[in-house]
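Residue-level structure breakdown
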Amino acid sequence: MKVYILAILYFILILPVKAQNIDQQNWLTVTMDNNQFGSLFDSPLENLFKTDKPSFSIGVEHYYNRNFNFSGKISRGEINPKATIRTANTDLPENRTVFTNIEITGVFKLNNGVLLPTNSKFTPFLETGLGLFKYHRKIPDKSDGFVGIPFTAGMRYLFNENVQAVAKVSQNAHFTMAHRRFSFGISVALRSKIDSDQDGLYDDEDDCPELYGFVNNNGCPYPDKDQDGFIDINDACPDVSGTLNGCPDQDQDGIADAEDLCPKQSGPPQSGGC
């Protein structure tokens, strides 16, 4: 019960605090995990997919700056001996260990503008922090709990502004044992970003979310009162429709009617348009 109370308190605390990028700051991640006793250095790749009962993790991640995120997660499931280091006890097929982990970590992102561009769809990352680990082994019937240091290396791939895939390998280290984890899953933004008019501004910051506009005009189109195709800020005659910088030029001689001595007869500039 204490484990779950700590988890609830952590998630309450982390959600308000700055997730993957400056636009999307909070993400929820769910992964399917293959948990095994042993170290990542014990030839684990040959056992990567050897599991008959995957476990699951759920967590949140929060953006701090372009280099670091904060993360917290809960993992629960079973570690079975199918692909684990053999001991006198783990050789027994029924010797499964039920576990619950709570981890609070910092995430170092390699797409920080130095190693990789910040807008890269691929995000390699390294992660470490503190974990509270509780294990219950069936044979012998015994429970253990301790504080350890989790180490994780992983990769994310951003499908769009709101969804990304996650793959990672983890090592939960302690003085008396090692527990490795292979995880595959998905992250979703806790607040979806939508750009309905595709003008480069998300709807929640766009003053005209249904109209294509300009970023420097808060997502709204510039007005064109006379509907001549020249927006008012570039229209020399904003109240009168025209083709010459927004002004009428009836004889099409390149001189606006207001300056043309013969506005209905084409003429050269040297003679004032006559």
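Keep in mind that what you see is a predicted model, and the values were worked out from it rather than measured.

Quick notes on the rules
- Note that residues are indexed from 1 along each chain, following the sequence as it is written.
- Only residues with pLDDT of at least 70 are given local features in this predicted model, and only at 80 or more are side-chain atom pairs given and counted; all residues enter the totals for whole chains, interfaces and linings.
- Calculated side-chain values reflect all of the structure's heavy atoms, with hydrogen atoms and water omitted.
- Numbering goes from the N terminus for both helices and strands, where a helix is a DSSP run of H or I of at least four residues and a strand is a run of E of at least two.
- A simple rule labels every residue: compare its accessible area, found with a 1.4 Å probe on the protein chains alone, to the largest value its type can have, and call it buried under 20%, exposed over 50%, or partly exposed in between.
- Where accessible areas are quoted, they stem from the Shrake-Rupley method and a 1.4 Å probe; at the residue level, only the protein chains shown are allowed to cover.
- Only four residue types enter the tally: Lys and Arg on the positive side, Asp and Glu on the negative side; His and the chain ends are excluded.
- Only one rule defines a salt bridge in this text: a Lys or Arg side-chain nitrogen within 4 Å of an Asp or Glu carboxyl oxygen.
- Side-chain atoms alone can form a polar contact between residues adjacent in sequence; in general such a contact is a pair of N or O atoms within 3.5 Å, and within protein one must be able to donate a hydrogen while the other accepts it.
- Here, a disulfide means two cysteine sulfur atoms that sit within 2.5 Å of each other.
- The criterion for strand pairing is that DSSP finds at least two bridges linking the strands in question.
- Every angle, taken between N-to-C directions, lies between 0 and 180 degrees, and every axis is a line fitted to C-alpha atoms, over only the stretch in contact when it is a helix.
- Within a predicted model, pLDDT stands for the predictor's per-residue confidence, ranging from 0 to 100.
- What makes two residues a contact is simply this: any of their non-hydrogen atoms within 4.5 Å.
- Pairing of aromatic side chains requires ring centres within 6.5 Å, counting the rings of Phe and Tyr and the six-membered ring of Trp. Pairs whose planes differ by under 30 degrees are stacked, by over 60 edge-to-face, and all others tilted.
- A ring has a charge above it when a Lys NZ or an Arg CZ is no more than 6 Å from the ring centre and no more than 35 degrees off the ring normal.

1. Some remarks on the overall build of the protein
Helix and strand content of the protein: one helix and eight strands. For the protein, buried positions account for 42% of its 274 residues. Here the protein displays about 15300 Å² of accessible surface, and carbon together with sulfur accounts for 62% of that area.

2. Focus on the side chain of K109
By secondary structure assignment, the location of K109 is in strand β4 (residues 97–109). Among buried Asp, Glu, Lys and Arg side chains, K109 stands out as unpaired, with E61 the closest opposite charge at 6.6 Å. From its side chain, K109 meets the backbone oxygen of N65 in a polar contact 2.8 Å long.

3. Digging into the state of the cysteines
What the rule picks out here adds up to two disulfides. Covalently, C208 is tied to C220 through a disulfide, its sulfur atoms 1.8 Å apart. Sign of the S-S torsion, about 90° for the bond between C208 and C220, identifies this disulfide as right-handed. With C208 in the segment after β8 (178–189) and C220 in the segment after β8, the pair connects residues that are twelve residues apart, well separated along the chain. One exposure class covers both C208 and C220, and it is buried. Note on cysteine connectivity: C237 is disulfide-linked to C247, with sulfurs 1.8 Å apart. Of note, the bridge from C237 to C247 carries an S-S torsion of about 90° and is right-handed in sense. Of this pair, C237 sits in the segment after β8 while C247 is found in the segment after β8, placing the two residues ten residues apart along the sequence.

4. A look at the side chain of Q36
By the element assignment, Q36 lies in strand β1 (residues 26–37). Among the polar contacts made by the side chain of Q36, one reaches the side chain of N34 at a distance of 3.4 Å. Looking at Q36, its side chain comes within polar contact range of the side chain of R180, at 2.7 Å.

5. Thoughts on the pairing of strand β6 (residues 142–158)
Pairing analysis gives 14 bridges linking strand β5 (residues 122–137) to β6, with the strands arranged antiparallel. Each bridged residue has a counterpart across the sheet, and for L132 the counterpart in β6 is V147. Where β6 lies against strand β7 (residues 163–173), ten bridges are found, and the strand directions are antiparallel. Residue pairing for β7: T152 is matched across the bridge by S170. Count of turn residues in the β6/β7 antiparallel hairpin: four residues.

6. Considerations on the sheet that holds strand β2 (residues 55–63)
Within a beta sheet, neighbouring strands are joined by backbone hydrogen bonds and run either parallel or antiparallel to one another. Taken together, eight strands build a closed barrel; the order of strands is β1-β2-β3-β4-β5-β6-β7-β8 and the barrel is antiparallel. Strand-to-strand twist of the sheet, defined as the mean angle between neighbouring strand axes without regard to direction, takes the value 25°. By the bridge criterion, eight bridges tie β1 to β2 in an arrangement that is antiparallel. Across the sheet, M32 pairs through a bridge with F56, a residue of β2.

7. Some points on the confidence of the model for the protein
Averaged over all residues, the pLDDT of the protein equals 77, while 78% of them reach at least 70. For the protein, per-element mean pLDDT is lowest for helix α1 (residues 2–14), which scores 45, and highest for β2, which scores 92. Overall, residues 3–20 carries pLDDT values under 50, and its contacts beyond four positions in sequence, including any with other chains, amount to 48 contacts. Every residue in residues 85–94 scores below 50 in pLDDT, and together they form 20 contacts with partners more than four places removed in sequence or on other chains.

8. Looking at the environment of F56
Position of F56 among the secondary structure elements: in strand β2. F56 gets classed as partly exposed once you look at its relative accessible area, which sits at 48%. In contact with F56, other than residues within four places in its own chain, are T31, M32, D33, I74, S75 and R76.

9. A look at the packing of aromatic side chains
For the structure shown, the criterion picks out seven aromatic pairs. Aromatic pair F68 and F108: ring centres 5.6 Å apart, planes at 45°, arrangement tilted. A residue pair is termed long-range when its members are at least 10 positions apart, and F68 in strand β3 (residues 68–79) and F108 in strand β4 qualify at 40 residues. We classify F108 as partly exposed; its relative accessible area is 28%. Summarising the aromatic geometry, the rings of Y157 and F159 are spaced 5.3 Å apart at their centres and angled 80° between planes, so their arrangement reads as edge-to-face. The ring of F125 carries R156 above its face, with NZ or CZ at 4.0 Å from the centroid.

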